[in-house]
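Below are the chains, spelled out letter by letter.
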Amino acid sequence: MKKILFFTFVIVQMTLLFTGCDRQEYRTMQGAVWNTTYHITYNSSISLDDSIRGVMRRVELSLSPFNDSSLISAVNRGEAVKADSLLRKVMECSQKVSELSGGMYDPTLSPLINLWGFGYKKTDATPSEQEIADALQSVGIGECGIAADGSVVRKSPLTEFNFSSITKGLACDEIGAMLHRNGCHDFMVEIGGEIALSGKNIKGKPWRIGIEAPREGIAATSREAVSVMDLTDCGVATSGNYRNFRKDGEGHSFGHTISAVTGRPVGTSTLSVTVVAPDCMLADALATAVMTVTPEKARQMADALPGVWIMIVTGTEAGEFNIEEFGQKP
């Protein structure tokens, strides 16, 4: 699968840290990781920043295909290594979402992502039918898995795993689990627009999350929200093509979402998808998957998963937005 960085701007309304000389228990931490940013707010009497960094490092060393020392990089090289708990989690969730989406969601798409110029191999050329057909031979998360002895099974020796479309969500969940273990139950963990929420904000209310309007090229200071929700104890993720697209040599524009069935960029009118789910890993994978399917299929996916809500945003010729919602409203 491709390296997906959605850079979704999340509007979060909260009051943080210190006011005058009064010390508050809510702490903030922010920075850059995996070519994106993170913003974390948590309620604790002690700093857990080092532990948060430790979780991020553990996730990277397990699942980053861009770190040659990671477990998944070793798997992609064909080395005899055993799956750890993180790889098991993303494999299971990915296969579940792939099945629900009719095979459209697939973290083994790297060969196709590279062909279309969105991966680590950059190109402006449009791939040929034969190149697409050849790449599809190694794609198929449903034909991969983890054997009883812990070894990772690939569809073919050329199959590459890239769980970037689910890893940020997993990392949010793993940081949240660490915070819970340390007695911290009020937090907001956001990495690259994916969010894990628990408890209440400093005002004693649910976290207030806004979903960005998918307008191309708008400056960060003028971004608007298409929806604002009060949420807690859930995961939130957004996916979209409106900032991650390119043009081929003939000037044709297409987004980064590639179909695992056709091997081509998905041609839908969907501008963005936001998912609220019981955990952020599932929300992250579903947000990518729903970008590739019809609204009716999205409805079926939402109905099949308890506690899942899906919002699809499409555009009109007048520059306005149409919003469809499926599943259980938060």
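Residues numbered from 1 in each chain as written. Predicted model: local features only at pLDDT ≥ 70, side-chain atom pairs only at ≥ 80, totals over all residues. Heavy atoms only, no water.

Applying the stated criterion to the full structure yields 0 disulfides. Free cysteine cysteine 280: the closest other cysteine sulfur is in cysteine 172, separated by 4.3 Å. Overall, cysteine 280 belongs to the buried group, its relative accessible area being 0%. (Disulfide = S-S within 2.5 Å. Buried < 20%, exposed > 50% of the residue type's maximum accessible area, 1.4 Å probe, protein only.)

A full pass over the atoms with the stated rule returns 2 aromatic pairs. Judged by centre distance (6.5 Å) and plane angle (65°), the ring pair of tyrosine 26 and tryptophan 207 falls under edge-to-face. Separated by 181 residues along the polypeptide, tyrosine 26 in strand E2 (residues 26-33) and tryptophan 207 in strand E8 (residues 207-212) bring together distant segments of the chain. Pair check on accessibility: tyrosine 26 and tryptophan 207 agree, each one buried. Ring centres 5.7 Å apart and planes at 5° place the aromatic pair phenylalanine 161 and phenylalanine 163 in the stacked group. (Phe/Tyr/Trp six-rings, centres within 6.5 Å; stacked < 30°, edge-to-face > 60°. Helix = DSSP H or I, 4+ residues; strand = E, 2+ residues; numbered from the N terminus.)

Attention now moves to the pattern of salt bridges. Per the stated rule, a full pass over the model turns up 12 salt bridges. Put simply, arginine 53 and aspartate 50 hold a salt bridge, and the shortest N to O gap is 3.0 Å. Residue arginine 53 and its partner aspartate 50 are both found in helix H1 (residues 49-63); the two are separated by 3 residues, about one turn of the helix. Assessed through its relative accessible area of 41%, arginine 53 is described here as partly exposed. Judged by its relative accessible area of 63%, aspartate 50 is exposed. (Salt bridge = Lys/Arg side-chain N within 4 Å of Asp/Glu carboxyl O.)

Taking 1.5 Å of rise per residue, 18 residues should cover 26 Å, and helix H6 (residues 164-181) covers 26 Å from first to last C-alpha, within 8% of that figure. Following H6 by one or two positions, glycine 183 has its phi on the positive side, about 80°. (Expected span 1.5 Å × (residues − 1).)

Right, let's get into the packing of helix H3 (residues 85-100) against H6. Put simply, H3 and H6 touch, their axes get as near as 11 Å, and they point 125° apart. With respect to their mutual orientation, H3 and H6 come out oblique. You can see that H3 and H6 cross each other, and the crossing is right-handed. On H6, the residues that touch Leu86, Lys89, Val90, Cys93 and Ser94 of H3 are Ile166, Leu170 and Glu174. Counted by class, the contact of H3 with H6 contains 5 nonpolar, 1 polar and 2 charged residues. (Axes fitted to C-alpha atoms, helices over the stretch in contact; angles between N-to-C directions. Parallel < 35°, antiparallel > 145°, perpendicular 65-115°, else oblique. Left-handed = near helix turned anticlockwise from the far one by under 90°. Contact = heavy atoms within 4.5 Å. Nonpolar A, V, L, I, M, F, W, Y, C, P; charged D, E, K, R; others polar.)

Our focus in this paragraph is the confidence of the model for the protein. Detailed reading of predicted coordinates is not advised where the pLDDT is low. Looking at the protein as a whole, its pLDDT mean stands at 86, while 83% of the residues score no less than 70. Below a pLDDT of 50 lies the segment residues 1-22, which in the model reaches 77 contacts outside its immediate sequence neighbourhood of four places, other chains included. (pLDDT = per-residue confidence, 0-100.)

Turning next to the side chain of aspartate 49. Structurally, aspartate 49 can be placed in helix H1. Despite its burial, aspartate 49 pairs with no opposite charge, the nearest such side chain being arginine 53 at 4.5 Å. Dropping the residues within four chain positions of it, aspartate 49 is found in contact with Met29 and Tyr42. (Lys, Arg positive; Asp, Glu negative; His and termini not counted.)

Right, let's talk about the sheet that holds strand E13 (residues 270-277) for a bit. Across the sheet, which stays open at both edges, the 8 strands sit in the order E2-E3-E6-E7-E10-E13-E14-E15 with antiparallel pairing between neighbours. Of all strands in the sheet, those with a lone pairing partner are E2 and strand E15 (321-327), marking the two edges. Between one strand axis and the next, the sheet turns by 10° as a mean value, whatever way the strands run. Bridge analysis of strand E6 (residues 187-191) against strand E7 (residues 194-198) gives 5 bridges, and the strand direction is antiparallel. Within E7, the position partnered with glutamate 190 by the bridge is isoleucine 195. Each of strand E3 (36-43), E6 and E7 is contacted by H6, which is oriented at about 155° to E6, the strand it contacts most. Across the sheet, helix H7 (residues 280-290) lies against E7, strand E10 (234-240), E13 and strand E14 (309-315), angled at about 25° from E10, the strand it touches most. (Pairing = 2+ DSSP bridges.)

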